[in-house]
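Residue-level structure breakdown
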Amino acid sequence: MHPKEKPDVNKVKFGSVFTDHMFKMNYTVNKGWHDPKIIPYQPVTLDPAAMIFHYGQTVFEGLKAYRTEDDQILLFRPDQNFQRLNRSSERLSIPHVDEEEVLYYLKQLIALEKEWVPKGEGTSLYIRPFIIATENNLSVHPSACYTFMIILSPVAAYYPEGINPVRIYVEENFTRAVKGGTGTAKTAGNYSAAYNAQNEATKQGFSQVLWLDGVEKKYIEEVGSMNVFFKINGEIVTPALNGSILEGITRKSMIELLKSWDMPVVEKRLSMDELLEAYNQGLLEEAFGTGTAAVISPIGELIWRDQKMKINGGETGNVSKRLYDTLTGIQTGKKADSFNWTIQVNSLDETTSN
Ligand SMILES: *Cc1c(COP(=O)(O)O)cnc(C)c1O
């Protein structure tokens, strides 16, 4: 096999270039998960009746590997991603994977693809684990067989020109998720169902939408596919996990960081009315989204009905900046990791590759 030429990571579009190898294992009712292997990156052949095509039984994860200045490779809280993969699977009636086993294979795969972890400020190797239902059957029931795969994609800095606040509007028609639905799971349908709103936002010159609860359209949930935080009168507020919000690992890490700094941080239900009132009183100090891709995406302008809120003069706030610098510093080994969040990927264990 000929390794692919490694591209200039700063010229590739997010998620469009993949490394030379992938991980794959299969599940059947009789054998459970079996036959784990690292193989050359290749297409998957499926029967047209494979259940993934019809009923969308699938889950995914997203995390990153970072190259440190002294050429170590670090993963950020990968245990959390595999725990969440299993929680998503639970919701989609997909069998659990062994978290330690898949982490072991992820480390093997990354060790093998070490050269693909880019060098350079803000760059990383994006990791996409996912599971698809592979039984060939059109009747509506959970599949009897599945394939789990991990693919890797080198990605450029999210903010080549430094972090930039974005314009957001509050979505009042479309709903992302409701309690009891699939909003807490990373599953395909949640994302395709959000495309209409995203398209409309793009058309109107906004970068994303802010999602409200699907029942009363009153309470703030997420922004695009990120969790959302506000600094209101010195206190950091993020919507409490309510059965429709996706539990972000960046969100969780931000809360832990803020607590370690003795900054007041609360998870609670927050309505648009309360947010607007805070804004009108001059108490809305910062707003930002959090997620693996961007870490932090500051909100410079928020539009709700005919109200336009300009936040922190459209500039990145101090807390947003400090959180961004600290988290990216830990992820890339520039700052001490006092939480033990990162895991170092060692060289290949020759006994188990291939
Ligand atoms: C993945 C995701 C997030 C962020 O999760 P991280 O673990 O921080 O990357 C937030 N909201 C939605 C809907 C997501 O899919």
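So, how was this worked out
Residues numbered from 1 in each chain as written. Predicted model: local features only at pLDDT ≥ 70, side-chain atom pairs only at ≥ 80, totals over all residues. Heavy atoms only, no water. UniProt positions renumbered as here; feature names shortened; annotations may be inferred. Helix = DSSP H or I, 4+ residues; strand = E, 2+ residues; numbered from the N terminus. Buried < 20%, exposed > 50% of the residue type's maximum accessible area, 1.4 Å probe, protein only. Contact = heavy atoms within 4.5 Å. Axes fitted to C-alpha atoms, helices over the stretch in contact; angles between N-to-C directions. Parallel < 35°, antiparallel > 145°, perpendicular 65-115°, else oblique. Nonpolar A, V, L, I, M, F, W, Y, C, P; charged D, E, K, R; others polar. Near = heavy atom within 4 Å. Polar contact = N/O pair within 3.5 Å; in protein donor to acceptor, adjacent residues only side chain to side chain. 1 Å grid on protein atoms, 1.4 Å probe; cavity = no way out; pocket = protein on both sides within 12 Å on 5 of 7 lines; lining within 4 Å. Sits in = over half its atoms within 2 Å of the grid points. Points joined across faces, edges and corners; volume = space filled by probe spheres on them. Domains from an automatic or database assignment. Core = buried A, V, L, I, M, F, W, Y, C linked by side-chain atoms within 4.5 Å. Phe/Tyr/Trp six-rings, centres within 6.5 Å; stacked < 30°, edge-to-face > 60°. Lys NZ or Arg CZ within 6 Å of the ring centre and 35° of its normal.

Following the UniProt record, the feature "modified residue: N6-(pyridoxal phosphate)lysine" (unreviewed entry) maps to Lys186 here. For Lys186, the position within the fold is in the loop between β8 (166-170) and α4 (188-192). For Lys186, a relative accessible area of 15% corresponds to the buried category. Other than its neighbours up to four places away in sequence, Lys186 contacts Thr58, Val59, Phe60, Glu61, Arg84, Ser88, Tyr191 and Leu246.

Below, the discussion takes up the packing of helix α6 (residues 249-260) against helix α8 (residues 318-331). Here α6 crosses α8 at 110°, and the two axes come no closer than 11 Å. If you check the angle between α6 and α8, you find them roughly perpendicular. Contacts between α6 and α8 involve Thr250, Ser253, Met254, Leu257 and Leu258 from the former and Val319, Leu323, Thr326, Leu327 and Ile330 from the latter. Grouping the constituent residues of the contact of α6 with α8 by class yields 7 nonpolar, 3 polar and no charged.

If you check the shell around the ligand, you find 14 residues, and the closest are Lys186, Tyr191, Glu222, Thr250 and Thr292. Note that an oxygen atom of the ligand is positioned 2.6 Å from one of the side-chain N or O atoms of Thr292. At a threshold of 2 Å from the grid points, most atoms of the ligand map onto the largest pocket. The residue makeup of the shell around the ligand, split by class, is 4 nonpolar, 6 polar and 4 charged.

Further remarks concern the layout of surface pockets. Size it by volume and the largest pocket reaches roughly 1200 Å³. As for the largest pocket, its lining consists of 44 residues, of which Tyr191, Gln208, Ser225, Met226 and Ala293 are closest to the centre. Looking at which element gives the most residues to the lining of the largest pocket, the answer is α4, with 4 residues. Grouping the amino acids of the lining of the largest pocket by side-chain chemistry returns 20 nonpolar, 18 polar and 6 charged. A domain-level breakdown of the lining of the largest pocket finds at least three residues from each of domain 1 (9-157) and domain 2 (166-331). Space inside the second largest pocket adds up to approximately 560 Å³. In this structure, the second largest pocket is lined by 28 residues; those nearest its centre are Glu121, Gly122, Thr123, Thr332 and Lys334. Put simply, the parts of the chain that give the lining of the second largest pocket at least two residues each are β4 (63-67) and α8. No other element matches the 4 residues that α8 contributes to the lining of the second largest pocket.

A word on the nonpolar core. Counting residues in each nonpolar core, the largest one holds 35 residues, and the members touching the most others are Leu106, Ile110, Ile127, Ile131 and Phe148. Sort the elements by how many residues they give to this core and helix α3 (residues 99-112) lands first, with 7 residues. Listed in part, the 27 residues of the second largest apolar core include Leu212, Met226, Ala287 and Ile311.

Inspection of the entire model under this criterion finds 1 cavity of 30 Å³ or more. If you add up the space inside the largest cavity, you get close to 90 Å³. In terms of lining residues, the largest cavity is bounded by Gly62, Leu63, Lys64, Tyr66, Phe76, Asn81, Ile249, Thr250, Thr292 and Gln331. Contributions of two or more residues to the lining of the largest cavity are made by β4 and α6. When residues of the lining of the largest cavity are assigned to their parent elements, the largest contribution, 3 residues, is made by β4. Along the lines of polarity and charge, the residues of the lining of the largest cavity split into 4 nonpolar, 5 polar and 1 charged.

Describing an aromatic ring pair means giving the distance of the ring centres and the angle of the ring planes. A full pass over the atoms with the stated rule returns 15 aromatic pairs. Note on Phe18 and Tyr41: the rings are 5.4 Å apart at their centroids and 10° apart in plane angle, and the pair reads as stacked. Remark: Tyr41 occurs in the loop between β2 (32-40) and α1 (52-55) and Phe18 occurs in the segment before β1 (21-28); sequence separation between them is 23 residues. Summarising the aromatic geometry, the rings of Tyr104 and Tyr105 are spaced 5.2 Å apart at their centres and angled 80° between planes, so their arrangement reads as edge-to-face. Members of the aromatic cluster, each reached through a chain of ring pairs, are Phe23, Tyr27, Trp33, Tyr104, Tyr105, Tyr146 and Phe148. Lying over the aromatic face of Tyr219, Arg269 brings its terminal NZ or CZ to 4.0 Å of the ring centre. Positioned above the aromatic ring of Trp261 is the side chain of Arg322, whose terminal nitrogen or guanidinium carbon lies 3.7 Å from the ring centre.

So, on to the side chain of Ser143. In this fold, Ser143 is placed in the loop between β6 (124-133) and β7 (145-155). A distance of 2.6 Å separates the side chain of Ser143 from the backbone oxygen of Cys145, its partner in a polar contact. If we skip the residues at most four places from it in the chain, Ser143 touches Met51, Gln57, Ala133, Thr134 and Glu135.

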